[in-house]
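A closer look at the structure
Here is what each chain is made of, one letter per residue.
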Amino acid sequence: MSFDQPTPDLPPEHGNLHVAVIMDGNGRWAKNRGWPRLVGHRKGAERVRELVAACPDLGIRHLTLYAFSTENWKRTTEEVMGLMSLFARYIKREAARMNREGVRMRVIGDRSRLDPKLAGLIDWIEQETAGNDTVHLTVAMNYGGRDELSRATRAIARDVAEGRLAPEDVTEATISDYLDTSFLPDPDLVVRSSGETRVSNFLLWQAAYSEYVFTPVLWPDFTPDTMRTILDKFQARERRFGGVTV
Ligand code: IPE
Ligand code: IPE
Ligand code: MG
């Protein structure tokens with residue numbers, strides 16, 4: 001194709017993609033430089049800010065980021081506290097910019113184990129940005145797919161026991177509605193940085209038919225251009241959803 005031809009129509013999903021990211025590799029990035037792990041997390045948070053700002057250009061409407069897993073409590077108190085305060089700082093510092101850029105922020109995961117002050121801050125930013133619709137940023141905080149499914153199952157069981165729901169009405173759609181992600185479409189694409197090829201308990205139900213891309217880039221080196229390259233690769237794939245295409 002020569003450059004003077006009009007660009008072909010973009011695929012229908014362009015501009016409306018849901019991309020979920022397992023942001024991994026902050027610790028190794030810092031270690032490679034002889035720095036404390038938290039320096040890597042801090043750099044990682046800067047990458048988040050850049051990526052969120054680039055979403056409209058990248059055609060991403062929903063961006064879901066794995067920030068802290070239900071398994072991450074196993075880390076040292078110093079690292080856990082550092083990650084929590086980094087998250088709180090991100091919310092406070094980015095609130096005005098999110099409103100300027102039309103970013104609606106929501107948080108998934110079990111909030112009951114978070115510090116009440118942080119939980120309050122999460123409630124605040126969700127309300128503060130509730131009117132925005134350009135980019136939907138969802139941050140998974142104390143999130144685990146199995147934990148989410150367990151909480152959803154308990155809620156379904158409670159509603160059945162109390163007569164609000166009939167067992168035969170528990171369909172796939174019902175389950176989706178009881179998950180933390182009830183407000184989100186399923187992800188089109190799940191990206192994991194740092195070269196690990198695991199799911200690590202992320203969006204187990206929701207990613208049943210998502211494409212996966214694993215990149216060796218460590219999260220603190222992951223730029224909007226890294227995402228652009230990945231999206232180009234994704235757009236070239238054929239998603240069959242169990243069917244056959246001729
Ligand atoms: C960031 O990367 C992911 C979080 C849990 C915040 P890591 O902290 O897991 O970095 P690595 O895997 O040790 O390099
Ligand atoms: C996954 O990364 C969780 C987040 C990115 C928040 P981990 O570094 O915790 O995952 P494992 O331990 O390598 O599976
Ligand atoms: Mg890791």
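The structure we're discussing is the one just above.
The notes below deal with the structure included here.

Scoring rules and cut-offs
Residues numbered from 1 in each chain as written. Chains lettered and ligands numbered in written order. Predicted model: local features only at pLDDT ≥ 70, side-chain atom pairs only at ≥ 80, totals over all residues. Heavy atoms only, no water. Helix = DSSP H or I, 4+ residues; strand = E, 2+ residues; numbered from the N terminus. Rg over C-alpha atoms; globule rule 2.2 N^0.38 Å. Contact = heavy atoms within 4.5 Å. Areas by Shrake-Rupley, 256 points an atom, 1.4 Å probe, with all protein chains shown as cover. Near = heavy atom within 4 Å. Polar contact = N/O pair within 3.5 Å; in protein donor to acceptor, adjacent residues only side chain to side chain. Nonpolar A, V, L, I, M, F, W, Y, C, P; charged D, E, K, R; others polar. Pairing = 2+ DSSP bridges. Axes fitted to C-alpha atoms, helices over the stretch in contact; angles between N-to-C directions. Parallel < 35°, antiparallel > 145°, perpendicular 65-115°, else oblique. Left-handed = near helix turned anticlockwise from the far one by under 90°. Salt bridge = Lys/Arg side-chain N within 4 Å of Asp/Glu carboxyl O. Buried < 20%, exposed > 50% of the residue type's maximum accessible area, 1.4 Å probe, protein only. Patch = residues over 30% accessible without salt bridge, like charges linked within 9 Å, V, L, I, M, F, W, Y side chains within 5 Å. Lys, Arg positive; Asp, Glu negative; His and termini not counted. Charge placed at Lys NZ, Arg CZ, Asp CG, Glu CD. Core = buried A, V, L, I, M, F, W, Y, C linked by side-chain atoms within 4.5 Å.

What the protein contains, in helices and strands, is seven helices and six strands. In summary, the protein has a C-alpha radius of gyration of 19 Å against a globular reference of 18 Å for 246 residues, a match within 12%. If one aligns the C-alpha atoms of the protein with their principal axes, the spans along those axes are about 65 × 50 × 35 Å. Long-range contacts, defined here as pairs at least 24 residues apart, represent 77% of the contacts in the protein between residues at least 6 apart. Entry remark: accessible area of the protein is about 13,200 Å², with carbon and sulfur atoms responsible for 51%.

With that settled, the discussion passes to the site of ligand 1. The full set close to ligand 1 counts 13 residues, and Asp24, Gly27, Arg28, Arg37 and Arg75 are the nearest of them. Between ligand 1 and the protein, one listed contact pairs an oxygen atom with a backbone N or O atom of glycine 25 at 3.2 Å. Starting from 380 Å² of accessible surface for ligand 1 in isolation, the protein chains cover 87%. Contributions of two or more residues to the shell around ligand 1 are made by helix 1 (26-32), helix 2 (37-58) and helix 3 (77-101). Within the shell around ligand 1, the residues separate by chemical class into three nonpolar, five polar and five charged.

Before going further, it helps to spend a moment on the sheet that holds strand 1 (residues 17-22). The strand order across the open sheet built from six strands is 3-4-2-1-5-6, with neighbouring strands paired in parallel fashion. Edge positions in the open sheet fall to strand 3 (103-108) and strand 6 (211-214), since each of these has one partner strand only. Going across the sheet, the axis of each strand differs from the next one's by a mean of 20°, ignoring polarity. Pairing geometry for strand 3 and strand 4 (residues 135-143), over six bridges, is parallel. Of the residues in strand 4, the one forming a bridge with isoleucine 108 is alanine 140.

A word on the packing of helix 2 against helix 3. Two numbers describe how helix 2 lies on helix 3: the axes approach to 10 Å, and their chain directions differ by 20°. One finds that helix 2 runs roughly parallel with respect to helix 3. Helix 3 is crossed by helix 2, and the crossing has right-handed handedness. Along its contact with helix 2, which presents Arg37, Leu38, His41, Arg42, Ala45, Val48, Arg49, Val52 and Ala53, the element helix 3 presents Glu78, Glu79, Gly82, Leu83, Leu86, Arg89, Tyr90, Glu94, Arg97 and Glu101.

Let us look at the pattern of salt bridges. Applying the stated criterion to the full structure yields 19 salt bridges. We note a salt bridge from arginine 151 to aspartate 147, for which the minimum N-O separation is 2.9 Å. With a gap of four residues between them, arginine 151 and aspartate 147 both fall in helix 5 (residues 145-161), about one helical turn apart. Exposure remark for aspartate 147: the relative accessible area of 22% places this residue in the partly exposed category.

Here we take up the packing of helix 3 against helix 4 (residues 116-128). Look at helix 3 against helix 4: their axes get within 10 Å of each other, and the N-to-C directions meet at 15°. Judged by the inter-axis angle, helix 3 sits roughly parallel to helix 4. Pair helix 3 / helix 4 crosses with left-handed handedness. Residues Met84, Phe87, Ala88, Ile91, Lys92, Ala95, Met98 and Asn99 of helix 3 touch helix 4, and the partners they reach there are Leu118, Leu121, Ile122, Trp124, Ile125 and Glu128. Looking at side-chain class alone, the contact of helix 3 with helix 4 contains eleven nonpolar, one polar and two charged residues.

On the surface, a cluster of positive charge is made up of Arg42, Arg89, Lys92, Arg93 and Lys117. A per-element tally of the positive patch places helix 3 first, with three residues. Tracing the sequence through the fold places arginine 89 in helix 3.

Quick look at the nonpolar core now. Counting 46 residues, the largest nonpolar core has Val19, Val21, Leu63, Phe87, Met105, Leu137 and Met227 as its most contacted members. A per-element tally of this core places helix 3 first, with ten residues. Discounting chain neighbours no more than four positions away, the residues touching leucine 137 are Val52, Leu63, Leu65, Met98, Val103, Arg104, Met105 and Arg106.

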